[in-house]
There are 2 protein chains.
Amino acid sequence: MRELSIGEVAREAGVPASTLRYYEKAGLLPAPPRRSGQRCYSEAVFGRINLIRLALEAGFTIGETRVFLSGFSEQTPPAARWRTLAARKLEEVNALMDRAQRMKSLLETSFRCRCLRLEDCEKFLRTAKRRQGASC
Amino acid sequence: MRELSIGEVAREAGVPASTLRYYEKAGLLPAPPRRSGQRCYSEAVFGRINLIRLALEAGFTIGETRVFLSGFSEQTPPAARWRTLAARKLEEVNALMDRAQRMKSLLETSFRCRCLRLEDCEKFLRTAKRRQGASC
DNA sequence: CTACGAGTTAAAGTGCACTTCAAGTCAAGC
DNA sequence: GCTTGACTTGAAGTGCACTTTAACTCGTAG
């Protein structure tokens with residue numbers, strides 16, 4: 001299997017080397033073996049990096065992402081702690097999608113309509129807050 | 001129209017008073033008239049606060065939110081700058097929803113399946129990254 | 001008159017996710 | 001042997017969105 005320096009991993013993954021070191025110190029990336037002091041990665045690291053980026057971009061903190069990842073690497077069935085986190089995060093992700101959807105509606109509507117006063121769009125907002133589909 | 005102190009607004013809107021002052025200094029909330037030095041809000045402030053929270057929760061920065069709000073309050077047709085921002089942000093919101101959807105799929109799948117090794121789920125991830133619906 | 005709670009300000013502090021810096025190590029090329 | 005470039009470390013710095021602090025002013029109740 002191909003062996004990669006931190007610079008190569010950084011280039012291919014599109015993540016700064018400093019970030020990879022940071023993830024390692026934070027416990028998100030396992031410390032790879034060293035060749036004369038330098039990190040020597042296998043290609044498997046890319047999958048791990050993708051998981052980390054996905055989790056962080058979905059709103060996980062570093063600490064939560066660590067638990068999330070540990071849930072995958074344990075040999076035992078998913079730890080209760082991980083399942084709890086996953087369930088809670090699923091709700092958060094749902095809430096995030098809700099907000100994003102509302103913002104999206106608001107942006108799209110504001111392209112179509114020509115509210116001259118903020119108040120009008122606040123009315124839209126109040127409607128959009130609970131159910132979407134109001135006209136402005 | 002009802003006049004409200006910063007404390008009342010804070011309580012009813014569920015936002016700390018310090019945050020309202022911060023929004024004012026940042027140019028997100030218009031400075032309300034003062035009664036013997038103290039801020040005297042009208043109920044209209046709640047709509048504005050809702051807009052701000054929605055924008056921030058959808059990933060707008062403070063600066064972007066300021067432009068976004070100014071687009072609504074101008075008497076002229078939407079400023080070009082605002083339309084540009086809105087278009088760009090619409091794309092970002094779409095990307096955010098994409099990532100959230102992938103994270104959601106990943107979380108839901110990891111509830112259903114029992115990956116014993118991280119690698120298996122990385123395979124899922126790679127599939128999920130482009131199109132969703134892979135089985136683990 | 002005094003005490004109190006709620007408000008005011010500028011300025012400093014916080015937590016997160018990185019990023020940059022300073023000083024040093026290492027292998028390869030000239 | 002010396003230089004170069006990529007790497008190493010711990011520590012300090014950055015940007016954002018607040019939050020806390022310190023010292024102060026008000027209006028009202030007792």
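Now for a quick tour of the structure. Just so it is clear, the structure is predicted and the values come from calculations on it, not from any experiment.

**Regarding helix α1 (residues 6-13) of chain A**
All names here are of chain A.
Thought 1: For α1, the set of buried residues is I6, V9 and A10. Along the axis of α1, the buried residues cluster in a sector spanning 100 degrees; they form a single face.
Thought 2: Contact partners of the buried residues in α1: β1 (3-4), α2 (17-25), β3 (38-39), β4 (41-42) and α3 (45-57).

**Some remarks on the packing of α1 of chain A against α3 of chain A**
Residue and element names in this part refer to chain A.
Thought 1: Remark: α1 packs on α3, axes separated minimally by 11 Å, with the N-to-C direction vectors making an angle of 50 degrees. Regarding the angle of α1 to α3, the classification is oblique. Between α1 and α3 lies a crossing whose hand is right-handed. Contact with α1, carried on its side by V9, E12 and A13, involves V45, F46 and I49 of α3 and no other residues of that element.
Thought 2: Per-class residue counts for the contact of α1 with α3 are 5 nonpolar, no polar and 1 charged.

**Considerations on the pattern of salt bridges**
Thought 1: On inspection of all chains with the given rule, the structure shows 20 salt bridges over all chains.
Thought 2: Within the structure, one salt-bridge network assembled from shared partners comprises E64, R88, K89 and E92 of chain A.

**Notes on helix α3 (residues 45-57) of chain B**
Thought 1: With 13 residues, α3 of chain B extends 18 Å between its outermost C-alpha atoms, agreeing within 8% with the 18 Å of an ideal straight helix rising 1.5 Å per residue.
Thought 2: Within α3 of chain B, the full set of buried residues consists of V45, F46, G47, R48, I49, L51, I52, L54 and A55 of chain B.

**Section: the environment of A86 of chain A**
Thought 1: Relative to the helices and strands, A86 of chain A resides in helix α5 (residues 80-112).
Thought 2: Remark: the alpha-carbon pair of A86 of chain A and E64 of chain A, spanning 22 residues in sequence, is separated by 9.3 Å.
Thought 3: Those residues in contact with A86 of chain A that lie beyond four places of it in its chain are L107 and F111 of chain B.

**Let's talk about the protein's contact with DNA strand C**
Thought 1: Looking at DNA strand C, there are 19 residues lining it, with T19 and I62 of chain A together with G7, Q38 and R39 of chain B nearest.
Thought 2: Taking all atoms of DNA strand C within 4 Å of the protein, the share assigned to sugar and phosphate is 85%.
Thought 3: For DNA strand C, a phosphate oxygen lies 2.7 Å from a polar atom in the side chain of R39 of chain B.
Thought 4: It is α2 of chain A that contributes the most residues to the surface near DNA strand C, 4 residues altogether.
Thought 5: Of the residues contributing to the surface near DNA strand C, the split by class is 7 nonpolar, 8 polar and 4 charged.

**Thoughts on the packing of aromatic side chains**
Residue and element names in this part refer to chain B.
Thought 1: Taken as a whole and judged by the stated rule, the model has 4 aromatic pairs over all chains.
Thought 2: Both rings, one in Y22 and one in Y23, keep their centres 6.1 Å apart while their planes meet at 50 degrees; by these two values the pair is tilted.
Thought 3: Judged by its relative accessible area of 46%, Y22 is partly exposed.
Thought 4: The exposure class of Y23 is buried, given its relative accessible area of 3%.

The rules behind these values
- Residues numbered from 1 in each chain as written.
- Chains lettered and ligands numbered in written order.
- Predicted model: local features only at pLDDT ≥ 70, side-chain atom pairs only at ≥ 80, totals over all residues.
- Heavy atoms only, no water.
- Buried < 20%, exposed > 50% of the residue type's maximum accessible area, 1.4 Å probe, protein only.
- Helix = DSSP H or I, 4+ residues; strand = E, 2+ residues; numbered from the N terminus.
- Arc of directions from axis to C-beta.
- Contact = heavy atoms within 4.5 Å.
- Axes fitted to C-alpha atoms, helices over the stretch in contact; angles between N-to-C directions.
- Parallel < 35°, antiparallel > 145°, perpendicular 65-115°, else oblique.
- Left-handed = near helix turned anticlockwise from the far one by under 90°.
- Nonpolar A, V, L, I, M, F, W, Y, C, P; charged D, E, K, R; others polar.
- Salt bridge = Lys/Arg side-chain N within 4 Å of Asp/Glu carboxyl O.
- Expected span 1.5 Å × (residues − 1).
- Near = heavy atom within 4 Å.
- Polar contact = N/O pair within 3.5 Å; in protein donor to acceptor, adjacent residues only side chain to side chain.
- Phe/Tyr/Trp six-rings, centres within 6.5 Å; stacked < 30°, edge-to-face > 60°.

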